[in-house]
Protein chains: 2
Amino acid sequence: MIQPKVLKGFRDSVPSQEIIKKQVISTLERDFSLHGFVPIDTPVLEYTEVLLGKGGGETDKQIFHFADNGGRDVALRFDLTVPFARFMAGHLNELALPFKRFHIAKVWRGENPQKGRFREFFQCDFDIVGIDSAYADIEILSMMHSALSSLGLQRFTIRVAHRGLFNAFLSHIGCLAQSVEILRIVDKLRKIGSAEVESQLQEITKSPQAATAILSYIDAESSDDPLETLSVLSALAGGEQEHTQRMRTIFSMLGQLGIAGNFSIDPSITRGLDYYTGVVYETFLDDLPEIGSICSGGRYNDLASLYTKEHLPGVGSSIGLDRLLAALEELDSPLIQDVASSDVIILNQNENHRYHYHRVAAQLRESGVRCDVYIADKKQVAQFKYAEQNRIPYAILFSEEDVLRGTCTLRHLATRNDMPDLTLSQVVENIERTR
Amino acid sequence: MIQPKVLKGFRDSVPSQEIIKKQVISTLERDFSLHGFVPIDTPVLEYTEVLLGKGGGETDKQIFHFADNGGRDVALRFDLTVPFARFMAGHLNELALPFKRFHIAKVWRGENPQKGRFREFFQCDFDIVGIDSAYADIEILSMMHSALSSLGLQRFTIRVAHRGLFNAFLSHIGCLAQSVEILRIVDKLRKIGSAEVESQLQEITKSPQAATAILSYIDAESSDDPLETLSVLSALAGGEQEHTQRMRTIFSMLGQLGIAGNFSIDPSITRGLDYYTGVVYETFLDDLPEIGSICSGGRYNDLASLYTKEHLPGVGSSIGLDRLLAALEELDSPLIQDVASSDVIILNQNENHRYHYHRVAAQLRESGVRCDVYIADKKQVAQFKYAEQNRIPYAILFSEEDVLRGTCTLRHLATRNDMPDLTLSQVVENIERTR
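Residues numbered from 1 in each chain as written. Chains lettered and ligands numbered in written order. Predicted model: local features only at pLDDT ≥ 70, side-chain atom pairs only at ≥ 80, totals over all residues.

1. A word on the overall build of chain A
Looking only at helices and strands, chain A features 15 helices and 16 strands. Once the C-alpha set of chain A is aligned to its principal axes, its extents read approximately 90 × 60 × 45 Å. Each of the 435 residues in chain A was classed as buried or not, and the buried ones make up 45%. Considering only residue pairs separated by 6 or more positions, chain A has 66% of its internal contacts joining residues 24 or more positions apart. (Helix = DSSP H or I, 4+ residues; strand = E, 2+ residues; numbered from the N terminus. Buried ≥ 20, exposed ≤ 12 C-beta atoms within 10 Å, placed from the backbone. Contact = placed C-beta atoms within 7 Å.)

Shown next, in the form of structure tokens:
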């Protein structure tokens, strides 16, 4: 006998989890489609060189990679961005730019699993590539807003900053050369606190004045009015410029669209990586700030420079699906409640009525009702237990008379409330009303 | 520069393919849900021992397997049946039996890619486990029927046989000892023809009479009436018995459900593997028989005996998704036609109207219309080309007056037919009407 174990950091998804995950994913997909975004897919396995680049003899330990039967060095994708860059380089001729894609799929990392971190997890990415425009930034930001709203979330804040503006500021105070280190330190603000950030900044810049200036910049969200905050940031960065202008366009549009209430300017958002060059953003749930950002991203200068000479600027965002699911559960979201396997179950009270059961089930399914038929020949108590375990809200019962007349009794299982003598269309109506 | 290549036997899915794949999958998922089936998911990577069993020093070459960073021998799943067996053994306490699950996901095999065969491909499995009943067999068969019907297919035949009945026949003619070899030979009938089957059967059975008898059994579909065919088979197998009875129950029920026309009894269906013990079936498209079975399966005696002592009989089926997609394309299915990225695109005729464009887009999306906004600042000809490449059927154009009055012109791009002075709700109506 082999023990039916799964690998450390990997998980099964049982129906009560998988039903919810599928519902969240299809809600997101619907919203993305409404915005004219299209889905793509890429292989789970790629050449390691394609995923990691040529440089560096040492392969990243966080990656699952191996030699396949043909001796090729292959790896499981560790994110959806690198495969997307490779995809764009390979399909440029077939695609119309600007290209708006989404991709919701699993990725794998070998890192040591911690609480809430897994070796196999979902990413949900969406990007607009092939254009550097405030209107692309706005489409991504407003889609983040509508995607989260479509999941029933209202109390969230998308905190936006601008990497170019931050660099202009660093240049203005003579610290541009240390920008990579500085933004990595600032990125840790929420983790290590401002005192520690200040001390690390002093170490890097060798200047207490510079450290103080940086702290006052990243703390400059002085007002509820983002346009005022922008003026403060502009002044700190030595005056108005194209980056301030871009941010003004974005925030005016968010106001015009009536969704500015869920956005703020937060100059402390830097998104660690060098990769970003324009707007950057993270999203926090007002009632669960401690779980961290559930949707982050930004504008980058060139997506696929590793694979093509074609210049591909873009802007995108990524939803942390596992974190989002955990948050929806924590917030008791209605989306998390309905894990019933069916709307109704036809109980088996008489083996001689089998034909009738399966015929009625077929009719209900044609009306769009999810209908189970109890298959086994067991006592009623076992049948009710089955319905309960599967969270099925209603049961259908037939008397001999019902079978002859084409009627039935619909029982609401939680309340044991019986509705006798219903026709099938009355059954459908009752179920639809409570769905 | 790194060449953006993918591995041999692996493929990208571009939007025009991915949109269709997603639509087919969600159509199937909806049908499965209507039947009370629930989704599960399992890790892509598992212990090699769990997937392949302990026995045999030599690991199957068709499997992608390797040592992970922790030195564990791990493998990519090569089907969805073995992970399902492991899943059932591991979650028996949480699940209500009979358990009805579906699983649509990728699997990987290292075999040499041939025409239409890939190293990464989708499987779509559905099973009812925990019960041995004709009514479970019927639920699977009728769900196969409704799943294919929901995809718009009508001209298909589900060819059903019974493994137990075949064995009873082999026992009756004294060939039961060679049953495994015999059913493998019979399984090749469509590939190698009946003359070659007869000669191979003679070799195995060492008896020309036995070979002839087997050929007449597998060719016994003498009548359009399956119940008559069953009588012939019973006679050849030495008389009526539980297996004949089960088949009679199944085919009567299919008649009662009004779907018997898509089913036939075909005693030559054996499904190679030892695994099956009851009904077995394959599905052929009447207009594309040459592509082979698009949906096959059968009843098995014990799903998870490798991992648990719990006896888990079941019945299931698997749709070959790639083959099905190829068939839908070949048949010019309507499902294959709609690969538009949006229902409508708002063209950019005047940068000063940007706010208006994005506001209108937001309103249309709230009405369920998939709406793109042309983001770049380019000439109309480039915008129309973008719409065409994305197969977007309609464009919205605004004059200065339109913006003031809240109206627009809706253009059907293929015919260049303009509908001027429409309100937004008239736009929605027009688009919904033609969808």
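2. Topic: the environment of Val 107 of chain A
Residue and element names in this part refer to chain A. The topology assignment puts Val 107 in strand β5 (residues 99–108). When the C-alpha atoms of Val 107 and Asp 377 are compared, they prove to be 44 Å apart, with 270 residues separating the residues in sequence. The residues touching Val 107, leaving out its near neighbours within four places in the chain, are Arg 77, Phe 78, Asp 79, Leu 80, Phe 121 and Gln 123.

3. A short note on the domain arrangement of chain A
Domain parsing of chain A yields domain 1 (15–155 + 286–336) and domain 2 (344–433). Taken over C-alpha atoms, the centre of domain 1 of chain A sits 43 Å from the centre of domain 2 of chain A. (Domains from an automatic or database assignment.)

4. Brief notes about the confidence of the model for chain A
With 98% of its residues at a pLDDT of 70 or more, chain A shows a mean pLDDT of 93. Here the predicted complex carries an ipTM of 0.94, next to a pTM of 0.95. (pLDDT = per-residue confidence, 0-100.)

5. A look at the sheet that holds strand β4 (residues 73–76) of chain B
Across a sheet, paired strands are connected by hydrogen bonds in the backbone, their directions being either parallel or antiparallel. Residues and elements named next belong to chain B. Taken together, the three strands give an open sheet; going across it, the order is β2-β4-β3, and neighbouring strands pair in antiparallel fashion. At either margin of the open sheet sits one strand with a lone partner, and together these are β2 (45–47) and β3 (65–67). Direction aside, neighbouring strands of the sheet carry axes that sit 35° apart on average. Direction of pairing for β2 relative to β4: antiparallel, over a ladder of three bridges. Residue pairing in the sheet places Tyr 47 in a bridge with Val 74 of β4. (Pairing = 2+ DSSP bridges. Axes fitted to C-alpha atoms, helices over the stretch in contact; angles between N-to-C directions.)

6. Quick look at the pairing of strand β5 (residues 99–108) of chain B
All names here are of chain B. Across the ten residues that make up β5, a large majority, seven, are buried. Inspection of the sheet shows strand β1 (residues 38–39) paired to β5 by two bridges, in the parallel sense. Within β5, the position partnered with Pro 39 by the bridge is Phe 102. By the bridge criterion, ten bridges tie β5 to strand β6 (residues 120–129) in an arrangement that is antiparallel. By the bridge assignment, Ile 104 is partnered in β6 with Cys 124.

7. Remarks on the sheet that holds strand β3 (residues 65–67) of chain A
Residues and elements named next belong to chain A. Reading across the sheet, the three strands line up as β2-β4-β3 and stay open at both edges, with antiparallel pairing between neighbours. Only two strands of the sheet have a single partner each, and these edge strands are β2 (45–47) and β3. Here the average twist between neighbouring strands, direction ignored, is 35°.

8. A few points about the interface of chain A and chain B
Buried accessible area, meaning the area lost when the parts come together, often serves as the stated size of an interface. Between chain A and chain B, the residue contacts involve 78 residues of the former and 79 residues of the latter. Class assignment for the residues of the side of chain A that touches chain B results in 39 nonpolar, 17 polar and 22 charged. (Nonpolar A, V, L, I, M, F, W, Y, C, P; charged D, E, K, R; others polar.)

9. Considerations on helix α12 (residues 354–366) of chain A
For α12 of chain A, built from 13 residues, the straight-helix expectation of 18 Å at 1.5 Å per residue is met to within 8% by its first-to-last C-alpha distance of 19 Å. Three or more residues of α12 of chain A are buried, namely Tyr 357, His 358, Val 360, Ala 361, Ala 362, Leu 364 and Arg 365 of chain A. Contact partners of the buried residues in α12 of chain A: β12 (344–346), β13 (371–373) and α15 (424–433) of chain A together with α1 (15–34), α4 (134–150) and α10 (242–256) of chain B. Just downstream of α12 of chain A, Gly 368 of chain A is the residue with a positive phi angle, here 85°. (Expected span 1.5 Å × (residues − 1).)

10. Side note on the relation of the copies chain A and chain B
For the pair chain A and chain B, the relating rotation is 180°, the translation along its axis is 0.0 Å, and the fit reaches an RMSD of 0.0 Å. A rotation of that kind, with that shift, is consistent with a two-fold axis. Relative to the rotation axis, the closest C-alpha in chain A is found at Phe 66 of chain A, a distance of 3.1 Å. Taken as a fraction of all interface residues of chain A, those also at the interface in chain B reach 100%, which identifies the copy contact as same-surface. (Least-squares fit on C-alpha atoms with pLDDT ≥ 70 in both.)

11. Some words on the pairing of strand β14 (residues 394–397) of chain A
Residue and element names in this part refer to chain A. Note: β12 against β14, three bridges, orientation parallel. Directly across from Val 344, in β14, lies its bridge partner Tyr 394. Sheet topology places β14 next to strand β15 (residues 408–412); four bridges connect them, and they run antiparallel. If you follow Leu 397 over to β15, its bridge partner there is Thr 409.

12. Focus on the packing of α4 of chain B against α10 of chain B
All names here are of chain B. Relative to each other, α4 and α10 sit at 45°, their axes nearing to 10 Å. Relative to α10, α4 is oriented oblique. Read as a crossing pair, α4 and α10 show a hand that is right-handed. On the side of α4, the interface is formed by Ala 134, Asp 137, Ile 138 and Leu 141, while α10 contributes Arg 246, Thr 249, Ile 250, Met 253 and Leu 254. In terms of residue class, the contact of α4 with α10 is built from six nonpolar, one polar and two charged. (Parallel < 35°, antiparallel > 145°, perpendicular 65-115°, else oblique. Left-handed = near helix turned anticlockwise from the far one by under 90°.)

13. Comments concerning unusual backbone geometry
The step from Leu 97 of chain A to Pro 98 of chain A runs through a cis peptide bond, and the omega angle for that step is -10°. Non-glycine residue Arg 391 of chain A carries a positive phi angle of around 55°. Position of Arg 391 of chain A relative to the elements: it lies in the loop between α13 (380–389) and β14. Located in the positive-phi region is Arg 416 of chain B, a residue other than glycine, with phi close to 55°.

14. Regarding the environment of Ile 40 of chain A
With respect to the helices and strands, Ile 40 of chain A occurs in the loop between β1 (38–39) and β2. Here Ile 40 of chain A is in contact with Phe 87, Arg 101 and His 103 of chain A together with Ser 13, Val 14, Pro 15 and Glu 18 of chain B, once residues within four sequence places are set aside.

15. Here's the deal with helix α11 (residues 321–330) of chain A
Residue and element names in this part refer to chain A. Of all the residues in α11, the buried ones are Leu 321, Leu 324, Leu 325, Ala 327 and Leu 328. For α11, the buried positions fall inside an angular range of 160° around the axis, keeping them on one side. For α11, the elements touching its buried residues are α1 (15–34), β6 (120–129), β9 (276–285) and β11 (314–320). With its phi angle positive at about 55°, Asp 332 sits one or two positions after the end of α11. (Arc of directions from axis to C-beta.)

16. Quick look at the environment of Gln 17 of chain A
Among the secondary structure elements, Gln 17 of chain A is positioned in helix α1. For the pair Gln 17 of chain A and Val 339 of chain A, spaced 322 residues apart in the sequence, the C-alpha separation amounts to 8.0 Å.

17. Let's talk about the packing of α1 of chain B against α4 of chain B
Residue and element names in this part refer to chain B. The interhelical angle for the contact between α1 and α4, taken along N-to-C directions, is 145°, at an axis separation of 9 Å. Classified by chirality, the crossing of α4 by α1 is right-handed. Between α1 and α4, the contacting residues are Thr 27, Leu 28, Asp 31 and Phe 32 on the first element and Met 143, Ser 146, Ala 147 and Ser 150 on the second. Among the residues forming the contact of α1 with α4, the class breakdown is four nonpolar, three polar and one charged.

18. Quick look at the nonpolar core
Formed by 253 residues in total, the largest nonpolar core has its most connected members in Val 344 and Ile 346 of chain A. Ignoring any residue separated from it by four or fewer positions in sequence, one finds Ile 346 of chain A in contact with Tyr 357, Val 360, Ala 361, Cys 371, Val 373, Tyr 374 and Ile 396 of chain A. (Core = buried A, V, L, I, M, F, W, Y, C linked by C-beta atoms within 7 Å.)

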